[in-house]
There are 2 protein chains.
Amino acid sequence: MTQPILYDYWRSSACYRVRIALNLKGVAYEAAPVNLLADEQMADAYKDANPQGLVPALAIGGRVLTQSLAIVEWLDATHAEPKLIPADPDDRAHVMAMALAIACDIHPLNNLRVLKHLARLGIDQGARDDWYRHWIAEGFAGLEALAAPRAGRFLFGDAPSLADICLVPQMYNARRLETPLDAYPTLLRADAAATALDAFAAAHPDRVAPAAAKG
Amino acid sequence: MTQPILYDYWRSSACYRVRIALNLKGVAYEAAPVNLLADEQMADAYKDANPQGLVPALAIGGRVLTQSLAIVEWLDATHAEPKLIPADPDDRAHVMAMALAIACDIHPLNNLRVLKHLARLGIDQGARDDWYRHWIAEGFAGLEALAAPRAGRFLFGDAPSLADICLVPQMYNARRLETPLDAYPTLLRADAAATALDAFAAAHPDRVAPAAAKG
């Protein structure tokens, strides 16, 4: 079988999630960088892979998967260990709710295409940064309350799950914009436990960024 | 067992999804209206049920479930027929990707709290309506391309799935804002097939709106 190809942008949260999941599952892959700053996701060559024109997409075993949460769920269903989403319906609903609290309620409001659109509407950089922090603060407050009762070292118990896979990239974004985080002790604890793992560390944007972006 | 309680706002897309799923599964429930226009979702009484302060939440069998997609997935795992999400991992990933293309890439950008926030930033009603249609058009174009190859009468084959459950409320929103829809024949076909079913029709906002909202 040919090596899976991840259509990847180093700073995309959704790509970062999939990189973590691939690493946790021990799936070797080749990264195909798609530079969102240059609108490469809208190019015909990429739209053949993903007609939505969004990253990530994962080409694996002859199929192309899209949407980060669907990709992680597929990896979890097809690669046994470690389990990233619990099988028990109640536990699964709890982990999914935490993941979706980030993937639906925070991240879509702050991604690059939305920030570009706000700029076109005349919203200046300072107000865009406030917008960014506002949705993180609102979302993290709810997530902290949702997570705290059943968290262990990680957001759900003592092993990383899809919830942590969503949390870590969102925390990276929060810190980039200097969002205050003291009010979220459960999230900070899980983030620290997760980022200490090789699978998370190797997926960090700084570890996968092209040399040009680092310069 | 006491009747399940759905914390519901008649015009919320996320609530509409859950109403459809409950109807498809034949689960009788009591609706507890939460008026988003009056910010009732932020009241302490509601936050005891859902600390995120978002609708919907479903109280069922002693647990409170949040996040519409997590709720539908839970209902599907715990109530046998009709299946709303395929069991096969490839099919499941396809249906989930379509659902997430709406739930992550369109709906979060257009919900009430975001429109209110844009108004606070000085974006006027006309520009807010353009914003709304922009994200629907962008999202539906991608979804049409994603759905077309494997659609039947519905977005995936000939039975309603989680993808249609997400599509129908988004189509309702699109029409409210008079978004042009001719470019999405697959979506229009699935929407027509779905809304012809009692389970979808009975969940329509006009069927569940409080009398005051209709007046």
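Quick caveat, the model's predicted, so the values are computed rather than measured. (Residues numbered from 1 in each chain as written. Chains lettered and ligands numbered in written order. Predicted model: local features only at pLDDT ≥ 70, side-chain atom pairs only at ≥ 80, totals over all residues. Heavy atoms only, no water.)

Engineer: Teacher, can you tell me more about the overall build of chain A here?
Structural biologist: On a plain count of helices and strands, chain A comes out with twelve helices and four strands. A compact globule built from 215 residues should have a C-alpha radius of gyration of about 17 Å, and chain A, at 17 Å, falls within 12% of that. Viewed in the frame of its principal axes, chain A has a C-alpha envelope of about 50 × 45 × 30 Å. For chain A, restricting intrachain contacts to residue pairs at least 6 apart in sequence, the fraction spanning at least 24 positions comes to 67%. Looking at charge distribution, chain A has the averaged site of its 20 positive side-chain charges lying 3 Å from that of its 25 negative ones. (Helix = DSSP H or I, 4+ residues; strand = E, 2+ residues; numbered from the N terminus. Rg over C-alpha atoms; globule rule 2.2 N^0.38 Å. Contact = heavy atoms within 4.5 Å. Lys, Arg positive; Asp, Glu negative; His and termini not counted. Charge placed at Lys NZ, Arg CZ, Asp CG, Glu CD.)

Engineer: Whenever I open this one, the packing of aromatic side chains confuses me. Can you help?
Structural biologist: A ring pair, where both rings are aromatic, is described by two values, the distance of the centres and the angle of the planes. Tallying each qualifying case throughout the model produces ten aromatic pairs over all chains. Note on Trp 131 of chain A and Trp 131 of chain B: the rings are 6.2 Å apart at their centroids and 75 degrees apart in plane angle, and the pair reads as edge-to-face. Highlighted residues: Trp 131 of chain A in helix α7 (residues 125-147) and Trp 131 of chain B in helix α7 (residues 125-147), drawn from two different chains. With respect to burial, Trp 131 of chain A and Trp 131 of chain B carry one shared label: buried. Between Phe 140 of chain A and Tyr 184 of chain A, the ring centres sit 5.5 Å apart and the planes meet at 75 degrees, which makes this aromatic pair edge-to-face. With Phe 140 of chain A in helix α7 and Tyr 184 of chain A in the loop between α8 (162-176) and α9 (185-195), this residue pair connects regions lying 44 residues apart in the sequence. A relative accessible area of 8% means that Tyr 184 of chain A is categorised as buried. What links up through ring pairs into an aromatic cluster is the set Trp 131 and Trp 135 of chain A together with Trp 131 and Trp 135 of chain B. (Phe/Tyr/Trp six-rings, centres within 6.5 Å; stacked < 30°, edge-to-face > 60°. Buried < 20%, exposed > 50% of the residue type's maximum accessible area, 1.4 Å probe, protein only.)

Engineer: Explain the pairing of strand β1 (residues 5-8) of chain A to me, please; I cannot follow it from the model alone.
Structural biologist: Consecutive residues of a regular strand have side chains that alternate between opposite faces of the sheet. Residue and element names in this part refer to chain A. The alternating pattern of β1 places Leu 6 and Asp 8 on a buried face and Ile 5 and Tyr 7 on a face that is not buried. Two elements, β1 and strand β2 (residues 30-33), share four bridges in a ladder whose sense is parallel. Across the sheet, the residue bridging to Ile 5 is Glu 30, located in β2. As a crossover connection, the stretch from β1 through helix α1 (residues 13-25) into β2 is right-handed. One ladder, built from three bridges, connects β1 with strand β3 (residues 57-60); its direction is antiparallel. Note that in β3 the partner of Ile 5 across the bridge is Ala 59. (Pairing = 2+ DSSP bridges. Right-handed = clockwise from strand over helix to strand, strands pointing away.)

Engineer: Just to check I follow, could you spell out the domain arrangement of chain A for this structure?
Structural biologist: Residue and element names in this part refer to chain A. The domains assigned to chain A are domain 1 (7-82) and domain 2 (89-200). Spacing between the C-alpha centres of domain 1 and domain 2 amounts to 20 Å. Contacts between the two partners involve 17 residues from domain 1 and, on the opposite side, 21 residues from domain 2. Taken over both partners, the interface formed by domain 1 and domain 2 buries close to 1700 Å², and the fraction arising from carbon and sulfur atoms is 67%. Taking the shortest distance from any N to any O, the salt bridge between Arg 92 and Glu 73 comes out at 3.1 Å. The tally of links between domain 1 and domain 2 comes to six residue pairs in polar contact (both at pLDDT 80 or more). Within the residue set of the side of domain 1 that touches domain 2, elements represented by two or more residues are α1 and α3 (68-78). Ranked by residue count, the leading element in the side of domain 1 that touches domain 2 is α1, at eight residues. Class assignment of the residues belonging to the side of domain 1 that touches domain 2 gives a composition of eleven nonpolar, two polar and four charged. (Domains from an automatic or database assignment. Buried area = accessible area lost by both parts, 1.4 Å probe. Salt bridge = Lys/Arg side-chain N within 4 Å of Asp/Glu carboxyl O. Polar contact = N/O pair within 3.5 Å; in protein donor to acceptor, adjacent residues only side chain to side chain. Nonpolar A, V, L, I, M, F, W, Y, C, P; charged D, E, K, R; others polar.)

Engineer: Explanation requested: the sheet that holds strand β1 (residues 5-8) of chain B in the structure shown.
Structural biologist: Across a sheet, strands are paired by hydrogen bonds formed along the backbone, either parallel or antiparallel in direction. Residues and elements named next belong to chain B. The strand order across the open sheet formed by four strands is β2-β1-β3-β4, and the pairing between neighbours is mixed. Both edges of this open sheet fall to β2 (30-33) and β4 (63-66), since each of them pairs with a single strand only. Going across the sheet, the axis of each strand differs from the next one's by a mean of 20 degrees, ignoring polarity. Of the strands in this sheet, β3 (57-60) and β4 touch helix α3 (residues 68-78), which is tilted by about 125 degrees from β4. (Axes fitted to C-alpha atoms, helices over the stretch in contact; angles between N-to-C directions.)

Engineer: I tried to follow the pattern of salt bridges on my own but got confused; where do I start?
Structural biologist: Close approach of charged atoms allows side chains with opposite charge to pair. Counting across every chain of the model gives 22 salt bridges over all chains. Lys 25 of chain B is the salt-bridge partner of Asp 76 of chain B, the closest N and O atoms lying 2.8 Å from each other. Note that Asp 76 of chain B is positioned in helix α3 and Lys 25 of chain B in helix α1 (residues 13-25), a separation of 51 residues in sequence. Given the relative accessible area of 3%, Asp 76 of chain B is considered buried. Assessed through its relative accessible area of 9%, Lys 25 of chain B is described here as buried. Through salt bridges with shared partners, a single ionic network connects Glu 73 and Arg 92 of chain A together with Glu 73 and Arg 92 of chain B.

Engineer: Where do I start with the state of the cysteines in this structure?
Structural biologist: Should the sulfur atoms of two cysteines be covalently bonded, the bond is a disulfide. All names here are of chain A. Counted under the stated rule, the structure contains zero disulfides over all chains. Its sulfur unpaired, Cys 15 is 13 Å from the next cysteine sulfur, which belongs to Cys 166. Using a relative accessible area of 0% as the deciding quantity, one classes Cys 15 as buried. (Disulfide = S-S within 2.5 Å.)

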